[in-house]
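Summary of the model geometry
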Amino acid sequence: MDPGHPLQGMTDLWDDTVEDMEATAAELREEGWETVELHPGAVTPLPRLETEDGYEDDRTGFDVLVPGNEFSAVQDAVDGAEYDEYEAYNAQANGVVFAVVVMKAADAGRAVLVPIYYRADEAVETVQRIEAAGESRLFVRPLDDSERVLFVQQQPEALLPGEE
């Protein structure tokens, strides 16, 4: 793992986060929900981006890279469903935020669970933009970046760093 990677030395905490996601998904299934659990390969805070050739990307939130089969499952889960609720649980250690985001489409009885991680000091601009917008967004995508599924989180405080 890259020594600058947020999970360097923190894989046990990431494993705990994924286990929390799996336990939450199991509880939801017991309550009758259809669930999709994601296992991101990378999570990137999205600062405003402007390139010399005029390209601008002002997405606010987090880019979440998932395996192709999981991306297909997310596409199927969002088809015909409105994800209008979410829950998030987070913890912090050594400047890294770990969170489980549970996006819910109550009318369809579906939930998509997305664990994320990021270094708080590398996401200062992203956090400021989320706070200013009053919402965060998860852009879930496959490796080839050909498509994205967007999940919006209103009242995003549970995704943001707190006091350690």
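Each remark here, short or long, concerns the structure printed above.
Before going into details, it helps to say that this report is about the structure given with it. For every chain, the first residue of the written sequence is number 1, and numbering continues from 1 onward in sequence order. Note on the predicted model: pLDDT of at least 70 is required for a residue's local features to be given, and 80 or more for side-chain atom pairs to be given and counted; whole-chain, interface and lining totals, by contrast, use all residues. Each side-chain value is worked out from all heavy atoms of the structure, with water and hydrogens disregarded.

Moving on, we come to the overall build of the protein. Along the backbone of the protein there are three helices and ten strands. Per the convention used, a helix needs a DSSP run of H or I reaching at least four residues, while a strand needs a run of E reaching at least two, with both numbered from the N terminus. For the protein, the α and β elements follow one another from N to C terminus as α-β-β-β-β-β-α-β-β-β-α-β-β. Here's how the labels work: a residue is buried when its accessible area is under 20% of the maximum for its type, exposed when over 50%, partly exposed in between, all with a 1.4 Å probe on protein chains only. Put simply, the protein has 164 residues, and 46% of those count as buried. Residue contacts are defined here by distance: any two heavy atoms, one from each residue, within 4.5 Å place the two residues in contact. In the protein, of all internal contacts separated by at least 6 residues, the share reaching a separation of at least 24 is 60%. Exposure was quantified through the Shrake-Rupley algorithm and a 1.4 Å probe, taking into account, for residues, occlusion by the shown protein chains and nothing else. Of the roughly 8,700 Å² that the protein leaves accessible, carbon and sulfur atoms contribute 43%.

Moving on, we get to the pattern of salt bridges. In a structure, side chains of opposite charge can pair up when their charged atoms sit close to one another. A side-chain nitrogen of Lys or Arg and a carboxyl oxygen of Asp or Glu constitute a salt bridge if their distance falls within 4 Å. For the structure shown, the criterion picks out eight salt bridges. Measuring nitrogen to oxygen at the nearest pair gives 3.2 Å for the salt bridge that ties arginine 119 to aspartate 121. Taking relative accessible area as the criterion, arginine 119 reaches 22% and is therefore assigned partly exposed. For the salt bridge of glutamate 135 with arginine 137, the shortest nitrogen-to-oxygen distance reads 2.8 Å. On the accessibility criterion, glutamate 135 (15% relative accessible area) is buried. The class for arginine 137 is partly exposed, based on a relative accessible area of 29%.

A few words now on unusual backbone geometry. In this model, aspartate 145 sits at a positive phi of 55°, which is unusual for a non-glycine residue. Within the chain, glutamine 155 stands out as a residue other than glycine whose phi angle is a positive 50°. Within the secondary structure, glutamine 155 sits in the segment after β10 (149-154).

This next bit is on the side chain of glutamate 135. On the secondary structure map, glutamate 135 appears in strand β9 (residues 135-141). Leaving out residues up to four positions away in the same chain, glutamate 135 has contacts with Thr60, Ile130, Val152, Gln153, Gln154 and Pro156.

So, on to the side chain of arginine 110. The residue arginine 110 is located in strand β8 (residues 110-119) in this model. Positive residues here are Lys and Arg, negative ones are Asp and Glu, while His and the chain termini are left out of the count. No salt bridge is formed by the buried arginine 110; the nearest opposite charge belongs to glutamate 34, separated by 4.2 Å. In this structure, arginine 110 is in contact with Trp33, Glu34, Asp76, Ala77, Val78, Asp79, Ala81, Tyr83, Met103, Lys104 and Ala105, ignoring residues within four places of it in sequence.

Turning to its location among the elements, proline 156 is positioned in the segment after β10. The spacing of proline 156 and serine 136 is 20 residues in sequence and 5.9 Å in space, taken between C-alpha atoms. With sequence-adjacent residues up to four places away left out, proline 156 is seen in contact with Tyr86, Ile130, Gly134, Glu135 and Ser136.

Residues Val149, Phe151 and Gln153 line the buried face of β10, whereas the alternating positions Leu150, Val152 and Gln154 sit on a face that is not buried. The pairing criterion is simple: DSSP has to find at least two bridges between the two strands. In terms of strand pairing, β9 meets β10 through six bridges, oriented antiparallel. Its bridge partner lying in β10, serine 136 is registered against glutamine 153.

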